[in-house]
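Spelled out from the first residue to the last, the chains are:
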Amino acid sequence: MLVLIDGELKSVGKWEMLLQRDFPFMRQDSDSDGSNIYRKWGFECGGGWYKLLRACCESIVKRYAEDGIGIGEIDFEPTQIKEKYGTLRFYYSYTDAPCGIAAFDNLATGESIRIEPKSKADIDDAKAKLRHDICAIVRAAEEESSHTCEICGAEGKLRNDSDLGIHWVRTLCDSCHEDRIKKAIEKRKKMNENS
Ligand SMILES: [Zn+2]
């Protein structure tokens, strides 16, 4: 499906529509000002991670429900959901904790130092516990992405094909990885033919 964002058509997968439909806190708003990257631009990762993202959202709903908070009152706010160094980065905030910088990424090591959202107001113990658990839920989803193919969702692992001139580390299953190598070799052949 194509959606108009800032005068440009963006292709939005069915899985992205489903997550927005089933989880109100995942709704995007292409008319927003862009201070929340997710709200404006949506997912910046492949649909192979749909299932783990869905499971993550379901766990969030369940955890809020334990505190008697309904799905419509959830104050969890995704701020950016993307692939980086081959794995999922799910940055988030809360409605009472404005989103600032969510992480510092070390380009050399691929390490990411995360900054947890801080509420302006004092929060009670129950809320602190809730947010602690939400953090663990999100981290578990990120961890799962490190062995889930970003294209098809099958069991995968991190692939570095820089020797083939592919400068994009991705988590892929064997079959999607083979496809990627084939395409890279074909591309290289074409380039050689044209030179
Ligand atoms: Zn795959």
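Look up a bit, the structure's there.
Criteria and cut-off values
- Residues numbered from 1 in each chain as written.
- Predicted model: local features only at pLDDT ≥ 70, side-chain atom pairs only at ≥ 80, totals over all residues.
- Heavy atoms only, no water.
- Helix = DSSP H or I, 4+ residues; strand = E, 2+ residues; numbered from the N terminus.
- Expected span 1.5 Å × (residues − 1).
- Buried < 20%, exposed > 50% of the residue type's maximum accessible area, 1.4 Å probe, protein only.
- Contact = heavy atoms within 4.5 Å.
- Donors = N, O, S within 2.8 Å, 3.2 Å for Na, K, Ca; no water.
- Tetrahedral: all angles 85-135°; square planar, octahedral: opposite > 155°, others 65-115°.
- Pairing = 2+ DSSP bridges.
- Patch = residues over 30% accessible without salt bridge, like charges linked within 9 Å, V, L, I, M, F, W, Y side chains within 5 Å.
- Areas by Shrake-Rupley, 256 points an atom, 1.4 Å probe, with all protein chains shown as cover.
- Salt bridge = Lys/Arg side-chain N within 4 Å of Asp/Glu carboxyl O.
- Phe/Tyr/Trp six-rings, centres within 6.5 Å; stacked < 30°, edge-to-face > 60°.
- Lys NZ or Arg CZ within 6 Å of the ring centre and 35° of its normal.

## Describing helix α4 (residues 125-145)
Between its terminal C-alpha atoms α4 stretches 31 Å, which fits the 30 Å expected from 21 residues at 1.5 Å a residue. Leu130, Arg131, Asp133, Ile134, Cys135, Ile137, Val138, Ala141, Glu142 and Ser145 are the residues of α4 that are buried. Elements that come into contact with the buried residues of α4 comprise α3 (50-66), β3 (76-84), β4 (87-94), β6 (112-114) and β8 (170-172).

## Let's talk about the coordination of the zinc ion
Those protein atoms acting as donors to the zinc ion are Cys149 (SG), Cys152 (SG), Cys173 (SG) and Cys176 (SG), and they sit at 2.3 Å. Geometry at the zinc ion is tetrahedral, judged from the four donor atoms that bind it and their angles of 105 to 117° at the metal. Read in sequence order, the donor residues for the zinc ion give the motif C-x2-C-x20-C-x2-C. Note on accessibility: Cys173 and Cys176 belong to one class, buried.

## Here's the deal with the pairing of β3
With respect to burial, β3 is a largely interior element, seven of its nine residues being buried. Here β3 pairs with β4 via eight bridges, running antiparallel. Among the inter-strand pairings, Glu83 is bridged to a residue of β4, identified as Leu88. Hairpin connection from β3 to β4: two residues lie between these consecutive antiparallel strands, with Tyr85 at a positive phi of about 50°.

## Some points on a nonpolar patch on the surface
On the surface, a nonpolar cluster with roughly 310 Å² of combined accessible area is contributed by Phe104, Ile113 and Ile115. On the secondary structure map, Ile115 appears in the loop between β6 and α4.

## Notes on the packing of aromatic side chains
One pass over the structure, following the stated rule, counts nine aromatic pairs. When the ring of Phe23 is compared with that of Phe25, the centres are 5.9 Å apart and the planes differ by 50°; the resulting orientation is tilted. The two residues Phe23 and Phe25 agree in class, both being buried. Taken together through their ring pairs, the aromatic side chains of Phe23, Phe25, Phe76, Phe90, Tyr92 and Tyr94 make up a single cluster. The ring of Tyr94 has Arg131 sitting right over it, with the charged end atom 3.9 Å from the ring centre. Positioned above the aromatic ring of Trp168, the side-chain terminus of Arg170 is 4.1 Å from the ring centre.

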